Amino acid sequence: NIFPNFTLVNVEKPPCFVRKFSPDGSKIIAFSADQTSLEVYSYEGPAAIADLLQGVQGEYLSNEENPTNSRIRNCAFNRFFKPKFTVSVSPCTEQLNRECSLFSDDGRFVIIGSAATIPEEPHPPLYAIYQNNESVSPPNPRNQLENCTIYVVDIEKGILVDKTMFKTDKIVLSHNQGIYLYRNVLAVLSIQHQTIHIFHLEADGTLVKDREIGRFCYDDDAMVLANSGVLTGESQSSLPSRQAVYRPFKETSINSLKHRILAFLYRRAVALSVQEQSPFELRNFYRYFDQINGLRIWKMQLLDEDHLFLKYASEDVVTQRSYEPNSQQSFFVVYNMKSTEVLAVYENTSDKLLEIFENFCDYFRLSCGSGYTSSPSNNVYANLTQQRFKQTIISAKNGGPSQARKRVLAQLPISAQSYSPSPLLDLSLFSYDEKWVSVMERPKACGEYPIRFYGRECGLLKFKIYPGVQDKNPPPQARRLVAFTFHPSDPFAISVQKTNLEYVVNFHVRYDNTTT
């Protein structure tokens, strides 16, 4: 019965980009206008502006210019949020990514990232662009090399605790796609160098490098090979020189992680050939060997402290040369970091993986640290929505069961902390159109009408959310997107509508206008 029933339209806010509430909801973080600092605000509760709203009628604050409306718009942000810290983290040459943040389980630390495109002059050396023989092909305008930095900020004390840098690299920071935090294990995926960097987040917030997975699998592989005398510059050059430098990108061997995948597929092909008494599977392995060897890591997530869930695709997809990446063939790999074993490999049309995902969806989502959210495996209404979606794809032109499986599995791997735990989005409590708002924290198209939330049990309209400016027509051909930030427990939400280059911030609050 407690829900936001009033919208404060076009709230005045400081020059910043509001990002997200902390897991306990006591704070909210934002990025400064120049995207070099992290701002921390304390949240003052859902009734912080109740006294100013006394006597205001309707479901939203009208556009009428009068002292009352102007005062509410000017005071709303400062009533709900009190500034605590401004932490300068990034140099002026790098900008923080506004869509990248990961909270630790206790809510004390937040991990953010910045990136700066590498200038053409001076051009980085070849061995910096290609650090191993799996490094992807030359950068293109859609996949430019960057200098990236990952920061750890203590939002309780307002200090920068630690940072780690990745030079001449490509890490997808938007929506946390390239970084993943599970408890105290942080994984960072280097697209350019096809390497997964594993760190441990210590109790004091410092990052301790554990291992790199890609060219090697064990953390001491490089030391063992270095001591063996195999990795020498002379072995890569036919010129008589004692000062030749060994370059990993010249290696002709298959790197460790790819070798384990190929070995797993080979053993599976042999077992199936023996079982079926036919060499068909083994011939298929040899037939597609080069294609599989040419795959590159596209996305990843941690399933727990020991297991990685990797998505492999063609190099054109990974480097964003393909305009329809989710329609291309891809493979999912389950990898144990401690034993360095590949446990399973699935195609993106796999019936078995789809069954696992639908029945155990929470194991993919809850590893994101998002708390409880409605999913097809724990909510009958979410499951019904997914079944309808699959049926729509099956019935569509050029569709079919294979395309339906591919579209559903395109969600995997799931980015860290990308689902809102707000009870307002619980599909067992409320019914709403997921075209306009959903439990996944992604910008949505902004409709012309308010978003209606109906009570699941009674079927009655409970409340409406008004995104954007009301009573005003948007400019023609304007692409309107709206991003929602829901409080994890309170009846409070923020919507930020972007129309071309203009931002409109609305607060959706609980207000009892029957009191006097």
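Refer to the structure above for everything that follows.
Computed from a prediction, not measured in an experiment: that's the story for all the values here.

1. Considerations on the environment of V504
- Looking at the element boundaries, V504 is found in strand 25 (residues 502–509).
- For V504, the residues in contact, after removing those within four places along its chain, are N10, G468, V469, S495, V496 and Q497.

2. Some thoughts on the nonpolar core
- One finds L186, I196, L308 and Y312 to be the most contacted residues of the largest nonpolar core, which totals 55 residues.
- It is helix 4 (residues 256–276) that contributes the most residues to this core, 6 residues altogether.
- When near neighbours in sequence (up to four residues on either side) are disregarded, L186 contacts L102, I111, I150, Y180, L181, H197, I198, F199 and L207.
- Core analysis: the next-biggest nonpolar cluster, separate from the first, contains 26 residues, V11, F21, L61 and V509 among them.

3. Description of the sheet that holds strand 17 (residues 330–336)
- Here 4 strands make up an open sheet; going across it, the order is 15-16-17-18 and the pairing antiparallel. Only two strands of the sheet have a single partner each, and these edge strands are strand 15 (296–302) and strand 18 (341–347). On average, adjacent strands in this sheet sit at an angle of 25° to one another, irrespective of strand direction.
- In the sheet, strand 15 pairs with strand 16 (residues 307–313) via 6 bridges, with the strands oriented antiparallel. If you follow L302 over to strand 16, its bridge partner there is L308.

4. A look at the packing of aromatic side chains
- Considering all chains together, one arrives at 31 aromatic pairs under this definition.
- Each ring, one from F360 and one from Y363, has its centre 6.0 Å from the other, and the planes form 65°; the classification is edge-to-face.
- For F360, a relative accessible area of 43% puts it in the partly exposed group.
- Their ring planes at 65° and their centres at 5.5 Å tell us that F492 and F507 sit as a pair that is edge-to-face. Taken together, the residues span a long stretch of sequence, with F492 in the loop between strand 23 (480–486) and strand 24 (493–499) and F507 in strand 25 at a distance of 15 residues.
- Using a relative accessible area of 1% as the deciding quantity, one classes F507 as buried.

5. What to know about helix 1 (residues 67–80)
- If you check helix 1, its first and last C-alpha atoms are 20 Å apart, about what 14 residues at 1.5 Å a residue would give, namely 20 Å.
- Of all the bends in helix 1, the largest measures some 35° and sits at N74.
- Looking at helix 1, one finds that the buried residues are N69, I72, R73, A76, F77 and F80.
- Buried residues along helix 1 sit in contact with strand 1 (6–8), strand 2 (16–21), strand 4 (37–43), strand 5 (81–88) and strand 25.
- Put simply, N66 is the residue that caps the front of helix 1, since its side-chain oxygen is 3.1 Å from the backbone nitrogen of T68.

6. What to know about the sheet that holds strand 11 (residues 179–182)
- Spatially, 4 strands are ordered 11-12-13-14 in an open sheet, and the strand pairing comes out antiparallel. In this open sheet, the two strands that pair with only one neighbour each are strand 11 and strand 14 (207–213). Averaged over all adjacent pairs, the angle separating strand axes in this sheet is 20°, with direction ignored.
- Sheet topology note: the strand 11/strand 12 (residues 185–190) ladder contains 4 bridges and is antiparallel. In the sheet register, Y182 faces strand 12, and the bridge partner there is V185.

Calculation rules
- Residues numbered from 1 in each chain as written.
- Predicted model: local features only at pLDDT ≥ 70, side-chain atom pairs only at ≥ 80, totals over all residues.
- Heavy atoms only, no water.
- Helix = DSSP H or I, 4+ residues; strand = E, 2+ residues; numbered from the N terminus.
- Contact = heavy atoms within 4.5 Å.
- Core = buried A, V, L, I, M, F, W, Y, C linked by side-chain atoms within 4.5 Å.
- Buried < 20%, exposed > 50% of the residue type's maximum accessible area, 1.4 Å probe, protein only.
- Pairing = 2+ DSSP bridges.
- Axes fitted to C-alpha atoms, helices over the stretch in contact; angles between N-to-C directions.
- Phe/Tyr/Trp six-rings, centres within 6.5 Å; stacked < 30°, edge-to-face > 60°.
- Expected span 1.5 Å × (residues − 1).
- Bend = angle between axes of the 7 residues up to and from the residue.
- Polar contact = N/O pair within 3.5 Å; in protein donor to acceptor, adjacent residues only side chain to side chain.

It is worth stressing that arrangement in space is one thing and function is another; only the former is reported here.
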